[in-house]
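# Summary of structural features
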Amino acid sequence: MEYFVSPDGKDDNPGTLESPFQTLARVAAVLQPGDSCLLRNGVYRETLRPENSGKPGQPITYHAFPGETPILSAGDSLRDWRCEADGRWSAPMPVDLEDGNQIFADGRMLTEARWPKDSGDLFQPARATASAGSPTSLTDPAISGEIDSWNGALLWCLGGHKWICWAGEITAFDPASHTLSFTCKMAATHWYTPVEGSEYVLMGAKAALSQPGEWWFDRTAGRIWIIPPDDGNPATLDIEARARRTAIDLSGLRHIHLHGLHFRGAGLRTDDASRHLRFEGLRGEYVAHSYLRDASDEGILIAGANHVIRGCDFGYSSGSVVRLQGRHHKLLGNHIHHGNYGGLWRGTLSLSGRRHVVAHNSIHHSGRDLLSVHGLMESLVEHNDLSHAGWLTHDLGITYGHDTDFAGTLIRRNHVHDCVAQGLAEGIYFDHCSHNAIVYENLIWNIPDMPIQVNNPGHFNLIAHNSCYRTNTGRPEIPSFDHSHRQDLFGCRFLNNLVNGPFSLPDNAAVESNLVSPDPGYADAGALDFALRPDSPTVGASTPIPDMDGGGPDLGAVPRDQTTWPAGRNSGIPIDESVEWERPNWTYTNRLINAAFEFGTAEGWQTVGAAEIVDGNGWGNKVAGTEEAPTGTSRHELQLTGAAALEQAVVELPANTRFQLSAWVKSISAARVTLELVIDGLSLVRAESSDPQWTRLAVEFQTGPIPTSALVVVRQETDDGEARMRIDNLGLVEAN
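Below is a summary of the structure that appears in this document. (Residues numbered from 1 in each chain as written. Predicted model: local features only at pLDDT ≥ 70, side-chain atom pairs only at ≥ 80, totals over all residues. Heavy atoms only, no water.)

### A look at the overall build of the protein chain
Counting secondary structure elements, the protein chain contains 1 helix and 65 strands. Radius of gyration (C-alpha) of the protein chain: 28 Å, near the 27 Å computed for a compact globule of 736 residues. Along the three orthogonal principal directions, the C-alpha set of the protein chain runs to about 85 × 70 × 65 Å. Taken over 736 residues, the protein chain has a buried fraction of 61%. Residue pairs at least 24 apart in sequence account for 69% of intrachain contacts in the protein chain once pairs closer than 6 positions are excluded. As presented, the protein chain carries roughly 26,600 Å² of accessible surface, and 48% of it is formed by carbon and sulfur atoms. The centroid of the 57 positive side-chain charges in the protein chain is displaced by 3 Å from the centroid of its 91 negative side-chain charges. (Helix = DSSP H or I, 4+ residues; strand = E, 2+ residues; numbered from the N terminus. Rg over C-alpha atoms; globule rule 2.2 N^0.38 Å. Buried < 20%, exposed > 50% of the residue type's maximum accessible area, 1.4 Å probe, protein only. Contact = heavy atoms within 4.5 Å. Areas by Shrake-Rupley, 256 points an atom, 1.4 Å probe, with all protein chains shown as cover. Lys, Arg positive; Asp, Glu negative; His and termini not counted. Charge placed at Lys NZ, Arg CZ, Asp CG, Glu CD.)

Printed below as a string of structure tokens:
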């Protein structure tokens, strides 16, 4: 059945083209698997919440009527305006979303009253500078006002090391010393405490309401005050106050398709039970808002499994615009932009979960990192155009992740460019405890610092065949950093890259066949033609990486006589929805599955005896809130109790190849722990430890003349049924 809905309809109509329903709630009640609904032009001030799921081959579909633009608005229009003094107007505001309040005029977001005065740009706001600060106070001679001018307002501050912005409530103001008192737990940590030079904004005080396009909410009276844009009359504008946090709610639903719908002022919600949803041609703007907290979960939240998001345009959020988690999603050909104007940790696109394909998207503008990749595993990120991160904060990357076993995630053939942060602006940035990522054939330009930064500890990352231009202009060389100076990039390889400044890496990282030069012989890098000239010294100079999908005899991402490939949503490259991530059992990649137990289970392993997943130690140092340790284990470790073992079969190891098998082990009870490789029932190599501190065991072996299958075994040998040991970060890779 096909139903119709229109703001001009009636809910007691039959829902036909001639007599449509009026509300989304009414049509949701009648739609069954295989049915569709066409939305006519107009504004729908309600949440779209289907009552039923579709079925395989019989989805429930919501379409925009051809040639029309239905808008789902989370705002309710404000009425009964009263003229106040000094060009101000006020009206009743019946819904208070507290830190999520947001006001729109004819669809345009207005600014909460603030000082210094807004520049009109969410990503380049006017900010004042503190002369002093503490965990509970901030001083600036430029702050004026009476003793109660700022009470209850919000202090939004880029404090301490300027990694993120935080907000706290102002509790007092001393006009004589120009000092604000505030409450914010984060400011008590020295990384974030306001100091001389910290940038900040005051917002949400009546004393700051002085500029057209600003608003202030009188919570006591329940009234909104505004100075209309262009000093107009609010009665002639559609002034909306955000009244709902969700525009579309598909939690727990399956087989729902949405096409061509627009929504404003709120996000789209799914949950862990959502399955097989499809979104095509949607447009969502101002999807989440709060300066006080991370509102990323209120934007476009893609959870559950097997969703397709294609050809959509999503923009403007104080946190992530899109947060992708769960499993087996495809994010294809979208425009995702202007996220994290709150300057918090999550990027414009936040990726976690397993087996996603993120391809052919154009993603740009973020207050901090553009792509957050904490917890992203077994995924494919390719042919995306990624740019303009770092507008509000320092020490970041276009992409940023840590504490993650990427488990063979491929980050390839992307355009990564224009990191605008004023302090430590990186391209692809792996912070501490990032493992098993494969980064190759990316084009990276206009990055002031390192194009690819890998801090330590980190294990088994392969960085190969990337081409860089106009990078390392801020700092010519940045070392791999670790607060605890462990200098450990065991199993990491940096091969065949064209970079503009030298790597400075720990001795246990393999660094081969990279050319360091501001001009390695590109055809015309200024015009973004990264193909190599025939006379380039990089031609034919690569270290071979057998079985790699790409690479070749030349250094860098684009070989001689080839065309620089485009990226992004308008690249012209056809989008193939059938593309899936495939495990890359290439030379120099880790052959073990779930090698750091970050799946949160023992998936991929066979256990004999008592085995369980336990909490890890994060970065393994005091910075992460744990004791100093020889290594970091991120979120999870595996524990064996008593006489027990952990095993994984590995098939088709290539012939005549030298391998290295390694594992971090910790014998809490000082029992003997062994690491061994078994072939045809015989132990080929073996190492052991009884150390109660974390210790890396490593052995090498040579395969024979034919491809070999083997069994990796970690065993606790003890008669004590209570003896415990821990295992983490195993690796089986070609030896250096």
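### Some remarks on empty space enclosed by the protein
Inspection of every chain in the model, using the stated rule, returns 3 cavities of 30 Å³ or more. Taken as a whole, the largest cavity encloses approximately 130 Å³ of empty space. Around the largest cavity, the lining comprises 14 residues; the ones closest to its centre are A407, G408, N436, N590 and L592. Ranked by the residues each element gives to the lining of the largest cavity, the list is headed by strand β44 (residues 404-412), at 3 residues. Residue composition of the lining of the largest cavity, by class: 7 nonpolar, 5 polar and 2 charged. (1 Å grid on protein atoms, 1.4 Å probe; cavity = no way out; pocket = protein on both sides within 12 Å on 5 of 7 lines; lining within 4 Å. Points joined across faces, edges and corners; volume = space filled by probe spheres on them. Nonpolar A, V, L, I, M, F, W, Y, C, P; charged D, E, K, R; others polar.)

### Things to note about the pattern of salt bridges
Under the criterion given, the structure shown has 43 salt bridges. Between E676 and R715 there is a salt bridge, with its nearest N and O atoms 3.2 Å apart. You can see E676 sitting in strand β61 (residues 672-679) and its partner R715 sitting in strand β64 (residues 708-717), a full 39 residues away along the chain. On the accessibility criterion, E676 (6% relative accessible area) is buried. Counted as one network, the salt bridges with shared partners bring together D99, R242, R245, R293 and E298. (Salt bridge = Lys/Arg side-chain N within 4 Å of Asp/Glu carboxyl O.)

### Some thoughts on the nonpolar core
Core analysis: the largest hydrophobic core is formed by 78 residues, its most contacted members being Y62, L258, F263 and F279. Residues contacting Y62, with those up to four places away along its chain left out, are V27, A28, L31, C37, L39, L48, P50, I256, H257, L258, H259 and L261. Core analysis: the next-biggest nonpolar cluster, separate from the first, contains 30 residues, F597, L677, V699 and V714 among them. (Core = buried A, V, L, I, M, F, W, Y, C linked by side-chain atoms within 4.5 Å.)

### Some remarks on the sheet that holds strand β20 (residues 214-218)
Each strand in a sheet pairs with another by means of backbone hydrogen bonds, the pair being arranged parallel or else antiparallel. Pairing within the open sheet is mixed, and its 5 strands lie in the order β7-β8-β21-β20-β11. One side of each edge strand has no neighbouring strand; the edge strands of this open sheet are β7 (82-83) and β11 (111-112). The sheet contact formed by β11 and β20 spans 2 bridges and is parallel. Paired with E112 across the strands is W215, a residue of β20. (Pairing = 2+ DSSP bridges.)

### Quick notes on the sheet that holds strand β9 (residues 103-105)
Strand order in the open sheet made by the 4 strands is β6-β22-β9-β10, with antiparallel pairing throughout. Only two strands of the sheet have a single partner each, and these edge strands are β6 (75-77) and β10 (108-109). Bridge count between β6 and strand β22 (residues 239-242): 3 bridges; the pairing is antiparallel. Counterpart to D76 in the pairing with β22 is A241.

### Structural notes on the environment of I164
Along the chain, I164 falls in the loop between β16 (154-158) and β17 (166-174). Since its relative accessible area comes to 1%, I164 is described here as buried. Along the sequence, I164 and G42 sit 122 residues apart, while their C-alpha atoms lie 39 Å from each other.

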